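# Structure at a glance
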Amino acid sequence: MIGDPELKIAKLYDMLPADAGDTSDGRTAATNATVRTVFVVGPDKKIKLMLSYPMTTGRNFDEVLRVLDSMQLTATHKVATPVNWKDGDDVIILGSVSDDEAKQKYPDGWRSPKPYMRIVPQPK
């Protein structure tokens, strides 16, 4: 999490217009409306995720943590996380992974509720 009282990061990533000023002091909820988005910036300095919330809705921190867990897992293993996945739940072997490669990685096999879906326990 980054505090940005001088608005440098918000302007760097075009979250605020250039004429937004040089400080967060004196800004109102209405003038901060454009920074109601949660951004996850990867090690390569590219935005990996944006979650935008209306002014009337609080941010879901559990969802932010869930997405971070998924992004870290899928960056190091050739898997995808299904809808509503939580850390420790089963994952899906990527379609780009051949059955031969998957057999090496997952010698105990996988479940296939559909011919194109291979479900395995989350890699450690």
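Treat the numbers as computed from the prediction; the structure is a model and nothing was measured. All residue numbers refer to position in the chain's written sequence, counted from 1. Thresholds applied to this predicted model are a pLDDT of at least 70 for local features of residues and 80 or more for the giving and counting of side-chain atom pairs; totals over whole chains, interfaces and linings are not thresholded and use all residues. Values shown for side chains rest on all heavy atoms present in the structure; no hydrogens or waters enter the calculation.

Once that is clear, we can look at the sheet that holds strand β4 (residues 91–93). Here a strand pair is declared whenever DSSP counts at least two bridges between the two strands. Helix and strand definitions here come from DSSP, where helices need a minimum of 4 consecutive H or I residues and strands a minimum of 2 consecutive E residues; each element is numbered from the N-terminal end. Strand order in this open sheet of 3 strands is β3-β4-β5, and the pairing throughout is antiparallel. Across the chains shown, the open sheet's two edge strands, defined by having one partner strand only, are β3 (79–80) and β5 (119–120).

Within the largest apolar cluster, 9 residues are counted, these being Leu73, Val79, Trp85, Val91, Ile93, Val97, Ala102, Tyr106 and Val120. It only takes one pair of heavy atoms within 4.5 Å for two residues to be counted as in contact. In this structure, Leu73 is in contact with Val79, Thr81, Trp85, Val91, Gln122 and Pro123, ignoring residues within four places of it in sequence. The criterion is simple. A nonpolar core is a set of buried Ala, Val, Leu, Ile, Met, Phe, Trp, Tyr and Cys residues joined through side-chain atoms within 4.5 Å. Each residue gets one of three labels from its accessible area relative to the maximum for its type: buried under 20%, exposed over 50%, partly exposed in between, using a 1.4 Å probe on protein chains only. In this structure, Val38, Leu49, Tyr53 and Val64 belong to the second largest nonpolar core, which totals 7 residues.

Salt bridges are identified by distance alone: a Lys or Arg side-chain nitrogen within 4 Å of an Asp or Glu carboxyl oxygen. The full count for this structure, using the stated rule, is 7 salt bridges. When the shortest N-O distance is used, the salt bridge between Asp22 and Lys11 registers 3.5 Å. Taken together, the positions of Asp22 in the loop between α1 (8–12) and β1 (37–41) and Lys11 in helix α1 put the pair 11 residues apart, joining distant regions of the chain. In this structure Lys11 comes out as partly exposed when scored by relative accessible area, which is 22%.

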